Amino acid sequence: MSQPTERRGGMVWALVITSVAGFMAALDNLVVTTALPSIRKDLGGALGDLEWTVSAYTLTFAVLLMFGAALGDRFGRRRLFLVGITIFTGASAAAAMAPGIESLIAARAVQGVGAAIMMPLTLTLLTAAVPAAKRGMAYGIWGAVNGLAVASGPLIGGSLTEHISWHWIFWLNVPLGLALLPLARLRLSESYGTGAPLDFSGTLLASGGLFGIVYGLVRGPADGWTSSLVLTGLFAGSALFAGFIVYSVNAKNPMLPMRLFRSRAFSGINAASLLMFLGMFGSIFLLSQYMQGVLGYSPTEAGLRMLPWTGMPMLVAPIAGILSDRIGGRPVVAAGLFLQAAGLGYMSYVVTTDVSYGAQLPGLILSGIGMALFFAPASNLVMSSVRPQEQGIASGANNALREVGGALGIAVMASIFSAQGGYQTAQTFVDGLKPALVTGAAVVALAGVATLLIPTRRRAAQLVAESSESAERAEPAGSDPVLENAGR
């Protein structure tokens, strides 16, 4: 076998392995939502217990993402990737066999630990296996699979629950995880980060801060924003995270170097990612309930009718990746975000208690194209805005912000929904849904504005040249320069 053929084979295997692993981790964010009535029927539990079957995963996933990336950089990305898959697969089996609601919540929390280790390393391992000129297309496929997982979680969860059993939501991960373990061991190359010692102080501050913030956001709609636990979580988490920022500015080897945020490309795309997930997660969370509770569709029927939105990444994202290679990621991401905002705005205008599917279709298609145009180029912008040895922590930081954005989106839009409407009747649901969707559209449009602040390709080339010269003066010989397409 020739060397180019071997290289192409390695790229394909890396793409398959990392995409499937990312799919598993992203899917479990929302896959449980449509199965909650069946879980309650089998295992019992109050409403708060059922919410924790969703929240336990989100909480540990968001809190430990940056730490998982740091562990991979220090001890080997492939090695920690295998550890993450093992934990996630074992916890999935434990969740499927859970005898009670408490054990299910515990298994979901452990699932989040495995996903936090596994997810940021998917992008780092893929970047290492794919030449820079082809990363846009690779990120396109990776982003399509991950976007499909996030958006189709309610469909897959509802279909498995309706036609087989809610247990299969979790059993689905087991054969996939068992297949990935030997493939990842044999087909992925090992790589490391900077080799700096683990930053335990920064890890404790960041993890504690994220825990408090995400806990407050998750519990706010259910417990009330003025409850003591929610306020304590939000204020303590914010204080700890502020301490993490101050500490990282002055630390010698911080877990997340604050100098990364001096890059307009890195800061802009992370702000856009947080806002995009805020608007998208909250909208999907409410619209999936609207189609079932108001329009009367079954979980499977609702999921199928959302395919123009949720399935669009499979068609458009690879094209978006190729476009980002040719014209840069900035215009593609911005176009995607504004289309997503337009789709949500359209949906807020047409939703009624008896709207036809044909009237909804343009909004679903616009949202689907917009989401597809975002995922691949956004990943490219994140990974190309830092040096190769810093890509692990950059991926972890971006994924953590996306998770926080998703938790914030559900919390904010659920609060708007509750304040303006409710579950009492179909009309009160629509009364709450409309302003929530308007908010989602506005937030995603703001993400588009943040993307426009990212440097153009020409300006980025100048900034990269200046950054490379500074790095050569400040760092020892042999250190890696900033990637040449940092501003794409």
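Up top you'll find the structure we're talking about.
Residues numbered from 1 in each chain as written. Predicted model: local features only at pLDDT ≥ 70, side-chain atom pairs only at ≥ 80, totals over all residues. Heavy atoms only, no water.

1. Some thoughts on the overall build of the protein chain
What the protein chain contains, in helices and strands, is 19 helices and 0 strands. Buried residues in the protein chain amount to 57% of all 488 residues. When contacts within the protein chain are restricted to residue pairs at least 6 apart in sequence, long-range pairs at least 24 apart make up 84% of them. For the protein chain, the accessible surface area stands at approximately 18,600 Å², while carbon and sulfur atoms represent 66% of it. (Helix = DSSP H or I, 4+ residues; strand = E, 2+ residues; numbered from the N terminus. Buried < 20%, exposed > 50% of the residue type's maximum accessible area, 1.4 Å probe, protein only. Contact = heavy atoms within 4.5 Å. Areas by Shrake-Rupley, 256 points an atom, 1.4 Å probe, with all protein chains shown as cover.)

2. Quick look at the environment of A138
As for its placement among the helices and strands, A138 is situated in helix α6 (residues 135-163). C-alpha of A138 to C-alpha of A317: the two residues are 179 residues apart in sequence and 9.8 Å apart in space. Contact partners of A138, with chain neighbours within four places excluded, come to L15, L126 and V130.

3. Let's talk about the environment of G22
Inspection of the secondary structure assignment puts G22 in helix α1 (residues 3-27). When its relative accessible area of 0% is taken as the criterion, G22 is described as buried. Taking the C-alpha atoms as reference, G22 lies 7.8 Å from M118; in sequence the two are 96 residues apart. Apart from residues no more than four positions distant in its own chain, G22 is found in contact with M119, T122 and N146.

4. Looking at the environment of I39
Tracing the backbone through its elements, the reader meets I39 in helix α2 (residues 36-43). On the basis of relative accessible area, I39 is assigned to the buried category, the value being 0%.

5. What about the packing of helix α4 (residues 77-96) against helix α8 (residues 173-187)?
Axis separation between α4 and α8 bottoms out at 9 Å; the angle between their running directions is 165°. The angle between the axes of α4 and α8 places the two elements in the roughly antiparallel class. Viewed along their axes, α4 and α8 form a crossing whose handedness is left-handed. Where α4 abuts α8, its residues R78, F81, L82, I85, T86, F88, T89, S92 and A93 lie against N173, V174, G177, L178, L180, L181, A184 and R185. The class makeup of the residues in the contact of α4 with α8 is 10 nonpolar, 5 polar and 2 charged. (Axes fitted to C-alpha atoms, helices over the stretch in contact; angles between N-to-C directions. Parallel < 35°, antiparallel > 145°, perpendicular 65-115°, else oblique. Left-handed = near helix turned anticlockwise from the far one by under 90°. Nonpolar A, V, L, I, M, F, W, Y, C, P; charged D, E, K, R; others polar.)

By themselves, these observations are geometric and do not establish any function.
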